[in-house]
Amino acid sequence: MPISLLSTGRYLPPFTVGNEAFTQFLDTSDEWIVSRTGIHQRHIAQEETTTDLATRAAAQALERSGLAPEEIGLVVCATVTPDTSVPMVAANVKRGLGIERAAAFDVNANCSSFLYALAAARGMMETCGFANAIVVGADCNSQLIDWSDRSTCVLFGDGAGAVVLHRGEEPGFLSCYVDCVTDTDHVLTCHHPRKDTPFCKAGAPHNTDLYMKGSAVMRFAVKALAKAVRAAAAEAGVAVEDIAYFVPHQANLRIIQSASKLMKIPMEKFVVDIDHVANTSSGSVPVALDILNCSGQLKKGDLVCLVAFGGGLSSAASVIRV
Ligand code: ACO
């Protein structure tokens, strides 16, 4: 049975940080950040955790779906920054939504996490028979970044987006492309802290902040985005030109512009919110999808392509008929 998109939701923490704020503690400028990234501001969580962001986005999507909490059989949370590993964030979200019993698990494929989570959820809906699922992408990147590294800290924000999926008669997801090429040059890394045990020493400490070779990631991203879009369109049996909207991972406006030029797709077809949302990692694609959904531009039957790339080096895309 086909799986369709029933509703979307998002949550961005109310506290916003403009580019000027960085000039107080870093050698940077609003002009540099805007011209190199397209970012003007980002939302930063103060009291809120990844669980809080995810639960609020999921609650909005659930309310808009018209379903009752007990009708949800599966909750999947895409995140790179879980505030708890045990229990997994998806279990926290499930509890926050008042769902007594449902399968729940987290997915981490860095900035491609949400699309991997969608693929996993769809697969489990088919194999385990769930009628409805919630997939949420949420990250508190402010907890992961090095606030003294001007080349990364200006790029990120915190936020979450969510969708409710339904297995029924309506056409919906037409394709799913997922990939991960080896990050041979370690262009995107972040280590978990290690501690001494009674049996061995932790050894030399690794960098536990996000480290990125920006221009190498950018080169990978443009090609990966184009490759993923073409593969997802081909698998769906549709022409790239027939896709009404592209919802790309919001990492840098220049990546989206370069991919648009490479694929000869007009920029008007790309959903862009990076100017005020920045890169929210796992939240990036579902937040942009919710913005598109709420804009009133989508018509029944439109083809939409979701596409992401990130650490790993991962990439993923999916074509949906809405
Ligand atoms: N303000 C002022 N100068 C800066 C800043 C800043 N905030 N950041 C870097 N610079 C400087 C650099 O130090 C460098 O100076 P130098 O020439 O004296 O060494 C100069 O600007 C140029 O740096 P580049 O890295 O070449 O600049 P580039 O045009 O590549 O832009 C950027 C850098 C914005 C990081 C870009 O490469 C980018 O966006 N990359 C992709 C990021 C991405 O896609 N991330 C997604 C994955 S994240 C994930 O998966 C968790």
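Since the structure is predicted, the reported quantities are computational estimates derived from the model, not experimental observations. (Residues numbered from 1 in each chain as written. Predicted model: local features only at pLDDT ≥ 70, side-chain atom pairs only at ≥ 80, totals over all residues.)

**A closer look at the site of the ligand**
Phase 1 of the analysis: Around the ligand, the structure places 22 residues, and the nearest of them are Thr28, Gly214, Ala251, Asn252 and Gly310.
Phase 2 of the analysis: Among the elements of the structure, helix H1 (30-37), helix H5 (150-153) and helix H6 (214-236) are those that each provide at least two residues to the shell around the ligand.
Phase 3 of the analysis: When residues in the shell around the ligand are grouped by element, the largest group, 5 residues, is from H6.
Phase 4 of the analysis: Looking at the shell around the ligand, its residues break down into 10 nonpolar, 10 polar and 2 charged. (Near = placed C-beta within 6 Å. Helix = DSSP H or I, 4+ residues; strand = E, 2+ residues; numbered from the N terminus. Nonpolar A, V, L, I, M, F, W, Y, C, P; charged D, E, K, R; others polar.)

**Comments concerning unusual backbone geometry**
Phase 1 of the analysis: Each neighbour pair has its own omega, and for Val86 with Pro87 the value is -5 degrees, a cis peptide bond.
Phase 2 of the analysis: The topology assignment puts Pro87 in the loop between strand E4 (74-78) and helix H3 (89-96).
Phase 3 of the analysis: That bond from Gly312 to Leu313 is cis: its omega, 10 degrees, falls within 30 degrees of zero.
Phase 4 of the analysis: Checked against the element boundaries, Leu313 lands in the loop between strand E12 (303-310) and strand E13 (314-321).
Phase 5 of the analysis: Unlike most non-glycine residues, Asn110 shows phi in positive territory, near 50 degrees.
Phase 6 of the analysis: Following the sequence through the fold, Asn110 ends up in the loop between strand E5 (103-107) and helix H4 (113-128).
Phase 7 of the analysis: Non-glycine residue Ser281 carries a positive phi angle of around 50 degrees.
Phase 8 of the analysis: Mapped onto the secondary structure, Ser281 falls in the loop between helix H8 (274-277) and helix H9 (284-294).

**Description of the UniProt feature "domain: Beta-ketoacyl-[acyl-carrier-protein] synthase III C-terminal" (unreviewed entry) in the protein**
Phase 1 of the analysis: Following the UniProt record, the feature "domain: Beta-ketoacyl-[acyl-carrier-protein] synthase III C-terminal" (unreviewed entry) maps to residues 234-321 here.
Phase 2 of the analysis: Within the segment residues 234-321, helix and strand shares are 33% and 23% respectively, and the terminal C-alpha atoms sit 14 Å apart. (UniProt positions renumbered as here; feature names shortened; annotations may be inferred.)

**Quick look at the pairing of E5**
Phase 1 of the analysis: For E4 and E5, the ladder comprises 5 bridges, and the chain directions are parallel. Paired with Val75 across the two strands is Ala104, which belongs to E5. (Pairing = 2+ DSSP bridges.)

**Let's talk about the UniProt feature "active site" (unreviewed entry) in the protein**
Phase 1 of the analysis: When the UniProt feature table is mapped onto this chain numbering, "active site" (unreviewed entry) sits at Cys111, His249 and Asn279. On the basis of their most widely separated C-alpha atoms, the annotated residues across 169 residues gather in one place, lying no more than 8.9 Å apart.
Phase 2 of the analysis: Among the secondary structure elements, Cys111 is positioned in the loop between E5 and H4.
Phase 3 of the analysis: A count of 33 C-beta atoms within 10 Å places Cys111 in the buried class.
Phase 4 of the analysis: Those residues in contact with Cys111 that sit more than four places away from it in its chain are His249, Ala251, Ser281, Ser284, Ala308, Phe309, Gly310 and Gly311. (Buried ≥ 20, exposed ≤ 12 C-beta atoms within 10 Å, placed from the backbone. Contact = placed C-beta atoms within 7 Å.)

**As for the sheet that holds strand E11 (residues 245-248)**
Phase 1 of the analysis: In space, the 4 strands of this open sheet follow the order E8-E13-E12-E11, with mixed pairing throughout. Only two strands of the sheet have a single partner each, and these edge strands are strand E8 (177-180) and E11. Sheet twist, expressed as the average angle between the axes of neighbouring strands with direction ignored, equals 10 degrees.
Phase 2 of the analysis: Inspection of the sheet shows E11 paired to E12 by 4 bridges, in the parallel sense. Bridge assignment links Tyr245 to a residue of E12, and that residue is Val304. (Axes fitted to C-alpha atoms, helices over the stretch in contact; angles between N-to-C directions.)

**Comments concerning the pairing of E4**
Phase 1 of the analysis: Buried residues dominate E4, accounting for 5 of its 5 residues.
Phase 2 of the analysis: Neither face of E4 is open: one carries Leu74, Val76 and Ala78, the other Val75 and Cys77, and all of them are buried.
Phase 3 of the analysis: Crossover E4 to E5 through H3 is right-handed.
Phase 4 of the analysis: As paired elements, E4 and strand E6 (residues 132-140) share 5 bridges and run parallel to each other. Bridge assignment links Cys77 to a residue of E6, and that residue is Val136. (Right-handed = clockwise from strand over helix to strand, strands pointing away.)

**As for the sheet that holds strand E7 (residues 158-167)**
Phase 1 of the analysis: The sheet built from 5 strands is open, its strands ordered E1-E7-E6-E4-E5 with mixed pairing. The two strands at the open ends of the sheet, each matched to only one other strand, are strand E1 (3-11) and E5. In this sheet, adjacent strand axes meet at a mean angle of 15 degrees when their direction is disregarded.
Phase 2 of the analysis: Judged from the 8 bridges that link them, E1 and E7 form a sheet pairing that is antiparallel. Bridged to Arg10 within E7 is Gly161.
Phase 3 of the analysis: Sheet contacts for H3: E4, E5 and E6; angle to E4, the most-contacted strand, approximately 130 degrees.
Phase 4 of the analysis: This element, H9, spans E1, E6 and E7 of the sheet and lies at about 100 degrees to E1.

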